[in-house]
Amino acid sequence: MHESPAVRGRRIKKSFGDVVALDGVDLDVAAGQVHGLVGPNGAGKTTLLGLLLGLAVADGGELEILGTPVGRTLAVPDGVAGFVDGPGLYPSLTARQNLSALASLRGYDAGRGVDDALEQVGLTDVADDRIRGFSLGMRQRLGLAAALLTRPRLLVLDEPANGLDPAGKHHVHRVITGLAADGVAVVLSSHRMDDLAALCSEVTVLATGRVVFSGPVTKLAAESGALDYRLLTSDTAAARRVALDTPGIRVPSGGDRVQRPDADVLVVRGAVPAVEELVVRLVRAEVAVRELAPVVAPLEAAFLALTGAVPTDEEVS
Amino acid sequence: MTTTVTPPAVEARPAPVLRGYRFELVKLLSQWRIRVLLLACWIAPAGFVAAVSLQSVLPADTVFGRWMHATGWAGSLVVLDFSRSWALPLLTALVAGDVFAAEDRLGTWRHLLVAVRSPRRIFVSKGLASLTVLLLLVAGLAGSSIAGGLAAVGNHPLVGLDGHLLAPADAAGTVLLSWACVLAPTLAFAAIGLLGSVALGRSTMGLLMPALLAFALQLAQLLPLPVAVRLALPSHAFLAWRGLFTGPAQTGPLFIGLAVSLAWAVVATVAAYHLFLRRDFTDLTYDGSGRRVLVAGALPLAALVLLTFAVVTATTPAKGSGIERAKVEGSLATAYAHLYRMQTRELHRPDVTEAQLRATASCDKGGSRVADQGPGNDWRCVVSWHLPGATAVGTAIYQLDVTADGRYVADGDGPKEVNGYFQVRTSTGDAPNPLWQFDGNVDLLASTSKD
Ligand SMILES: Nc1ncnc2c1ncn2[C@@H]1O[C@H](COP(=O)(O)OP(=O)(O)O)[C@@H](O)[C@H]1O
Ligand SMILES: [Mg+2]
C-alpha cells in the first residue's frame, strides 16, 4: 500500500527580486502528521506556506501537493486550506457571516458546518458579533474555523500561536491534534520553537531560506549540544569547586547569580553526559542538588544554535 | 505492487460568479458608509423636494426649478440636475472607487483568491456588486424625489423646456427616462472609479478619481469649447436628458452622449480588468501599478475623446459652439408661443393655437459688432406674434442668458402687460406669469438650415 504524501517538495527556490526567500528547500509531510516550520523572522516560512496554498509559484524545484504537481498560481488541488499573513477576514461582517460567505464561495453547505467550526475553536458565544472588535487571538481562531469548513486534507497555518491566550491555545491544539488523528496533514509555522514542541511530530528549521534541520522533534533536542543549566544546591561554593573540576563543564564568568541575584544559583554549561557526571560528583561530595534545569529549553536552544538567532520574546515583523 | 488509495486530487474549481457577487454585495452593504449613502439617497431627496416646494422662493437657476409649485414632477428634475454635477460622481467614487482598494487595506486578497480561485471572477463579481449598489442609490434618488414631489405638490402637467405641456403620464415617463439616461454617464464614472481603485492600490486616490474627473469636466463644460469637443466628453450625457423635454425631443446630442458614456464605461472597465489581472496579489505592500495606469487607462480614454471628436465632426452638422442665431430664434419663438397659450388660458381668454400665433423671434448678440453666435448673457431678442382677428403684430422683448450647454433663461423686458411682471392678475387671483421668465434649450446639433 502506498499513500501519496500530503506535501512533497524538492529543491524549492523562490526569490523576490534580489532577495532569495527560499533556496533549495525540501519538505515532506505525511498524512496525519503535524509538521512544524520554524525559523526566525525572514527565514522564508510564510513564502513556503504561500506556495503550499497556491498563492505563488516557485521559481524552481518540484512541489507535489496531495499527489498533484503544482505549477501554476491558484492551481493547488481541493482539500488544501489555511492562511498566511493573518486570517484575512472582513471586519464589517460577523464571525458567522465571514464563515458562511467562505463556505458558500467554496461550494460547501453553510449552516451546520459553520456552527460546528465555530464550536470547535470556541467562538460560539461571539458568532454574531462583528469581528472588528475581535482580538488577534480570536481572529486566528476564526481563521482556523474558516479552514475547517472546507474539510481539508492539508491544513496550512502561518504563525497560529500569535496572540493566543492559554485558553485559545488549548482550543487550537485540540483542533489540530484532532485533525491529525483523522489523517489530516497539518503544517504550522512559528518563529519560536517552544510554540511547536508540544504539537509537532516533525519539524523543519529554516534559516535565511535554507533547511538547517529536518526530522523528528526528539532528534532536534539532541542537536542542542552544550546547554546552560541553572543549578541550586545546599552549598553553592562547594558546588562551584566541584563543577570547575568536572571535565566538560564550564562555569561561565559572571554566570552565577544571573537568574536570581538573591538566591544561591549557579549557572553551568555542558553537554548532557558532562552534566550527569557533575551530579554524581556533587552527591559524592555531599552537596545536595535541589534544582537542575536548563536555562533555555533544549529545543529552543537547538533552534537558536541552528539558526544563529538571538532569543526574542516578541515577533518583530 | 502499489496502489494509490488517495483519490487523484482534482484541481479546485473557481467559485460560481453568482456566489462571488453575493459575497461582494454583502461586504459592500455591511459598510456603514454604503448604508449611510443608501439611507441618504432614499430619504433626503423626498425631504428636500417637499421642503423646497412649500417655500415661496424657488430655485429658478436650476432647470425646472421655477415649476416646483406647479407639479410634483419638477422636483425630481431639480434633484436630477443637482445630482448630475456632484452627487452622482461622488456616489460612484464612494462605491466603485473603493471596492478593490478595500481588499488591499484589509490585506484580504490572498484569502479571497484562495476562496474564489479566479481573479477574473473576482473582478466580475466586484463590478456587478458595485453596479447593483449604484443602481440602488440612483433608484433611491429618483424614487424619493418623485415621491416627495408628488406628495407635496401633486401629479400635475409639467411645462417642458420649450414651453409645451406634458400631461402627467408623459411627464412621469419622461422623468423616469431622464433618470435612466444619466445612468450611462454614471456607469462611465463608476468605471473610472474601478480603474482608480485597481490602479492606485490601497491609497485613497482611487476614491478621488471620479471626483477629480467630474471636477475637470465641470470646468470644461464652463469653457466655450466647440460643440464637437463637448459631445466627446462623458459629462455631456449628464446634461443631454434636457433634450427630452422639448418637442420634438433633441435626440441627437442625447444619443451621442449615451454612446460616449457607454464607450467610456467599456474602455475604463477593460483597462481596469487588464490592470487587475496583471497585478501581484501576493505582495502585501502592493501600492498600485503606478506608471502603468497611464498607459493602460489614460491613453485609451484620451484616444477615445479624439476618436469621438473626429466622428462627431465628420458625421454631424455640429460646428463651432452649436449656438447660432437661427437656432436661438427658433427655440425662443416656439417656447414663447407655447407659453403665450398658457398665459391665455390662465387669463381665461379665448384659446389660440400656436399656428395662429405665428410667433417669430429676431435676435442679436452683443450689438452689431459682435457675431450672433455662441453662449453669453448679451443676447437680446424681439418676439413678434399675430392674434387671430387682429391686424396689429404684438412684440415682446427678451434678454437671453445662453450657457455653453445650450440652455438659456429668457428674461422678459417688456412690454409690461405681457412679460414685465412675474404674476398675472386673473379672475381667481394672482397667478405666476409664464412669459415673465422661462427656460429653453437649444439643440446644439441641429443644422441651422432646418428652421
Ligand atoms: N512579496 C515579497 N516581495 C519582496 N520580498 C519578499 C516578499 N515576501 C517575502 N519577501 C522576503 O522574503 C524573505 C522571506 O520572507 P517570509 O517568507 O515572509 O519570512 P518569514 O515568514 O519566515 O518571516 C524576507 O527577506 C522577505 O523580506
Ligand atoms: Mg511570516
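These numbers were taken from a predicted model, which means no experiment stands behind them.

**Here's the deal with the sheet that holds strand S6 (residues 80-83) of chain A**
Residue and element names in this part refer to chain A. One open sheet holds the six strands; their spatial order is S6-S7-S8-S3-S9-S10, and the pairing between them is mixed. Of all strands in the sheet, those bounded by a partner on one side alone are S6 and strand S10 (210-216). Ignoring which end each strand starts from, the neighbouring axes of this sheet average 15 degrees apart. One ladder, built from five bridges, connects strand S3 (residues 34-38) with strand S8 (residues 185-190); its direction is parallel.

**Overview of the pairing of strand S3 (residues 360-365) of chain B**
Residue and element names in this part refer to chain B. On S3, burial follows the alternation: Ala361, Cys363 and Lys365 on one face are buried, whereas Thr360, Ser362 and Asp364 on the facing-out side are not. Across six bridges, S3 lies against strand S4 (residues 376-386) in antiparallel orientation. Of the residues in S4, the one forming a bridge with aspartate 364 is arginine 380.

**Some words on the state of the cysteines**
All names here are of chain B. Scanning all chains against the criterion turns up one disulfide over all chains. Between the sulfur atoms of cysteine 363 and its disulfide partner cysteine 381 the distance amounts to 2.2 Å. Handedness here is read from the sign of the S-S torsion; for cysteine 363 and cysteine 381, about 110 degrees, the answer is right-handed. Taken together, the positions of cysteine 363 in strand S3 and cysteine 381 in strand S4 put the pair 18 residues apart, joining distant regions of the chain. The exposure class assigned to cysteine 381 is buried, which follows from its relative accessible area of 0%. With no disulfide of its own, cysteine 41 has cysteine 181 as its nearest cysteine by sulfur position, at a separation of 19 Å. Taking the relative accessible area as the measure of exposure, cysteine 41 reaches 5% and is therefore buried.

**A closer look at the domain arrangement of chain A**
Residues and elements named next belong to chain A. As assigned here, chain A comprises domain 1 (7-221) and domain 2 (225-316). Of note, the centres of domain 1 and domain 2, computed from C-alpha atoms alone, are 37 Å apart. Contacts between the two partners involve 19 residues from domain 1 and, on the opposite side, twelve residues from domain 2. Summing both partners gives a buried area of about 1,200 Å² for domain 1 against domain 2, and 65% of it is carried by carbon and sulfur. Of all residues in domain 1, His191, Arg192 and Met193 bury the most surface against domain 2, accounting for 33% of the area lost on that side. At the junction of domain 1 with domain 2, the criterion picks out zero salt bridges. Among the secondary structure elements, those contributing two or more residues to the side of domain 1 that touches domain 2 are helix H6 (193-197), strand S9 (202-207), S10 and helix H7 (217-222). A class-by-class count of the residues in the side of domain 1 that touches domain 2 yields twelve nonpolar, four polar and three charged.

**Considering the site of ligand 1**
The environment of ligand 1 is made up of twelve residues, and the closest members are A:Gly42, A:Gly44, A:Lys45, A:Thr46 and A:Thr47. Residues near ligand 1 are shared among chains A and B, making this a multi-chain site. Here an oxygen atom of ligand 1 and a side-chain polar atom of A:Thr47 are 2.5 Å apart. Starting from 550 Å² of accessible surface for ligand 1 in isolation, the protein chains cover 68%.

**Observations concerning the environment of B:Ile323**
Residue and element names in this part refer to chain B. Position of isoleucine 323 relative to the elements: it lies in the loop between helix H12 (291-315) and helix H13 (325-346). Note on isoleucine 323: relative accessible area 0%, which makes it buried. With 47 residues separating them in the primary sequence, isoleucine 323 and phenylalanine 276 have C-alpha atoms 43 Å apart. If sequence neighbours within four positions are ignored, isoleucine 323 has contacts with Val328, Gln373, Gly374, Pro375, Trp379, Val402, Thr403, Ala404, Gly406 and Leu444.

About the thresholds
- Here the residue numbering is sequential within each chain, running from 1 through the sequence in written order.
- Each chain is given a letter, starting from A, and each ligand a number, starting from 1, according to the order in which they appear as written.
- With the structure being a predicted model, the display of local features is reserved for residues of pLDDT at least 70 and the display and counting of side-chain atom pairs for 80 or more, all residues being used for whole-chain, interface and lining totals.
- Calculated side-chain values reflect all of the structure's heavy atoms, with hydrogen atoms and water omitted.
- DSSP bridges decide pairing: two strands pair if at least two such bridges lie between them.
- Numbering of helices and strands runs from the N terminus; a helix is a DSSP stretch of H or I covering at least four residues, while a strand is a stretch of E covering at least two.
- With axes taken as lines fitted to C-alpha atoms, and helix axes fitted only over the stretch in contact, angles between N-to-C directions fall between 0 and 180 degrees.
- Categorising residues by exposure relies on relative accessible area from a 1.4 Å probe, with only protein chains included: less than 20% of the type maximum marks a residue as buried, more than 50% marks it as exposed, and the intermediate range marks it as partly exposed.
- Two cysteine sulfur atoms make up a disulfide if the distance between them is within 2.5 Å.
- Reported domain spans reflect what an automatic or database domain assignment gives.
- Whether two residues are in contact is decided by their heavy atoms, any of which lying within 4.5 Å being enough.
- What gets called buried area is simply the loss in accessible area from a 1.4 Å probe that two parts show on being joined, summed for both.
- By definition, a salt bridge exists where a carboxyl oxygen of Asp or Glu is found within 4 Å of a side-chain nitrogen of Lys or Arg.
- Any residue that is not Ala, Val, Leu, Ile, Met, Phe, Trp, Tyr, Cys, Pro, Asp, Glu, Lys or Arg is counted as polar, Gly included; the first ten are nonpolar and the last four charged.
- The criterion for a residue being near a molecule or strand is simple. One of its heavy atoms has to lie within 4 Å of it.
- Polar contacts, as used here, are pairs of N or O atoms within 3.5 Å; protein pairs need one atom able to donate a hydrogen and one able to accept it. Residues neighboring in sequence count only if both atoms are side-chain atoms.
- Per-residue and other accessible areas follow the Shrake-Rupley method at a 1.4 Å probe size, with only the shown protein chains counted as cover for residues.

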